[in-house]
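Chain by chain, the residues run as shown.
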Amino acid sequence: MKTTRRKFLAFLSPLPLLGLWALFPRKKSITLEPTPPCDDHDEPTPSQTEGPYFKTESPERSNLTEAGLTGTKLVLTGRVLNTDCQPVAKVLLDWWHADDAGNYDNSGFLLRGHQYTDKQGNFRLETIVPGLYPGRTRHLHVKVQAPGKKVLTTQLYFPDEPQNRRDGIYNQALLMAVQPTDNKVSAGFTFVLPA
Ligand SMILES: [Fe+2]
């Protein structure tokens, strides 16, 4: 008798609870992926060919333009992180690219220059949007070197550039985030170096 009563109560007791349960929205059970070490920035920035137009001993400057230069102003801001997502200070960024007509200055240093990241790994570059030249899509060249580390030679690209699809060197991992405004192009890129 006792056993039967206990069984009966055991059967009844969850019923009100089940009723209450139905009143509350149920959360789905979600299996979380392990937190990536650095959001989208855990893969090192890929290297690319240097091409034929690099010159050593470029001037130190954050503005590569000079008086009389034509073209659309480009302001590129960004950071250098390592694969542990830590900003890297004093990283050398040595830039070179074509002018508005697609030509490189091989006798001087127009549109060439180097700069260093600040304590937070930030940099800001002022230049113009490079022109196209035969066989290549629109691109910036850069060498990136953290103190005492190997040089990363690579190139950066512009989204929505039709020539990207026809350029065998182009890599979409090297696309800048670009925002055209009235009279200039604002771009952003985060370099990731091995920790
Ligand atoms: Fe080039």
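(A) Inspection of the pattern of salt bridges at higher detail. Here the structure, examined in full by the defined rule, presents six salt bridges. Between arginine 124 and glutamate 126 there is a salt bridge, with its nearest N and O atoms 2.7 Å apart. A relative accessible area of 40% places arginine 124 in the partly exposed class. Among the ionic pairs, aspartate 167 bridges to arginine 136, the shortest N-O distance being 2.7 Å. With a gap of 31 residues between them, aspartate 167 in the loop between strand 6 (152-157) and strand 7 (177-180) and arginine 136 in the loop between strand 4 (122-128) and strand 5 (139-145) connect regions that are remote in the sequence. Residues joined in a network through salt bridges with shared partners are Lys73, Arg124 and Glu126.

(B) Broad picture of the coordination of the iron ion. For the iron ion, the full set of protein donor atoms is Tyr104 (OH), Tyr133 (OH), His139 (NE2) and His141 (NE2), and the range of their distances to it is 1.9 to 2.1 Å. The site at the iron ion holds four donor atoms, and with the angles between them running 92 to 157°, its shape is irregular. Overall, tyrosine 133 belongs to the buried group, its relative accessible area being 15%.

(C) Focus on the packing of aromatic side chains. If you walk through the whole model with that rule in mind, you get nine aromatic pairs. Summarising the aromatic geometry, the rings of tryptophan 95 and phenylalanine 123 are spaced 5.8 Å apart at their centres and angled 45° between planes, so their arrangement reads as tilted. Of this pair, tryptophan 95 sits in strand 2 (residues 92-96) while phenylalanine 123 sits in strand 4, and the two are 28 residues apart along the sequence. The residues tryptophan 95 and phenylalanine 123 share a single accessibility class, namely buried. Pairing tyrosine 104 with tyrosine 133 gives two aromatic rings, centres 5.5 Å apart and planes at 75°, and the pair type is edge-to-face. A residue pair is termed long-range when its members are at least 10 positions apart, and tyrosine 104 in the loop between strand 2 and strand 3 (112-116) and tyrosine 133 in the loop between strand 4 and strand 5 qualify at 29 residues. According to the relative accessible area criterion, tyrosine 104 is buried, its value standing at 11%.

(D) Seen up close, the sheet that holds strand 2. Sheet architecture is open: four strands sit in the order 3-2-5-6, paired in antiparallel fashion. Each of the sheet's edge strands pairs with one partner strand only, and the pair in question is strand 3 and strand 6. Recorded for the sheet is a direction-independent mean angle of 25° between the axes of neighbouring strands. Alignment of strand 5 against strand 6, held across six bridges, turns out to be antiparallel. Pairing of histidine 141 across the sheet is with glutamine 155, part of strand 6.

(E) View of unusual backbone geometry. Despite not being glycine, glutamate 57 shows a phi value in the positive range, around 60°. Mapped onto the elements of the fold, glutamate 57 is located in the loop between helix 2 (14-23) and strand 1 (73-82).

(F) How the structure looks around the confidence of the model for the chain. Residues with a pLDDT of 70 or more make up 79% of the chain, whose mean pLDDT is 87. Mean pLDDT per element in the chain: helix 1 (residues 2-12) is the minimum at 44, and strand 2 is the maximum at 99. Predicted confidence for residues 1-27 stays below pLDDT 50, and this span has one contact to residues more than four positions away or in other chains.

(G) Representation of the side chain of arginine 61 in the model. Topologically, arginine 61 is positioned in the loop between helix 2 and strand 1. Engagement of the side chain of arginine 61 in a polar contact is seen with the backbone oxygen of phenylalanine 109, the distance being 2.6 Å.

(H) Quick look at the environment of valine 151. Tracing the chain through its elements places valine 151 in the loop between strand 5 and strand 6. Judged by relative accessible area, which is 43%, valine 151 ranks as partly exposed. For the pair valine 151 and leucine 93, spaced 58 residues apart in sequence, the C-alpha separation works out to 9.7 Å. Setting aside residues up to four positions removed in sequence, valine 151 forms contacts with Lys143, Val144 and Gln145.

Rules used throughout
Residues numbered from 1 in each chain as written. Predicted model: local features only at pLDDT ≥ 70, side-chain atom pairs only at ≥ 80, totals over all residues. Heavy atoms only, no water. Salt bridge = Lys/Arg side-chain N within 4 Å of Asp/Glu carboxyl O. Buried < 20%, exposed > 50% of the residue type's maximum accessible area, 1.4 Å probe, protein only. Helix = DSSP H or I, 4+ residues; strand = E, 2+ residues; numbered from the N terminus. Donors = N, O, S within 2.8 Å, 3.2 Å for Na, K, Ca; no water. Tetrahedral: all angles 85-135°; square planar, octahedral: opposite > 155°, others 65-115°. Phe/Tyr/Trp six-rings, centres within 6.5 Å; stacked < 30°, edge-to-face > 60°. Pairing = 2+ DSSP bridges. Axes fitted to C-alpha atoms, helices over the stretch in contact; angles between N-to-C directions. pLDDT = per-residue confidence, 0-100. Contact = heavy atoms within 4.5 Å. Polar contact = N/O pair within 3.5 Å; in protein donor to acceptor, adjacent residues only side chain to side chain.

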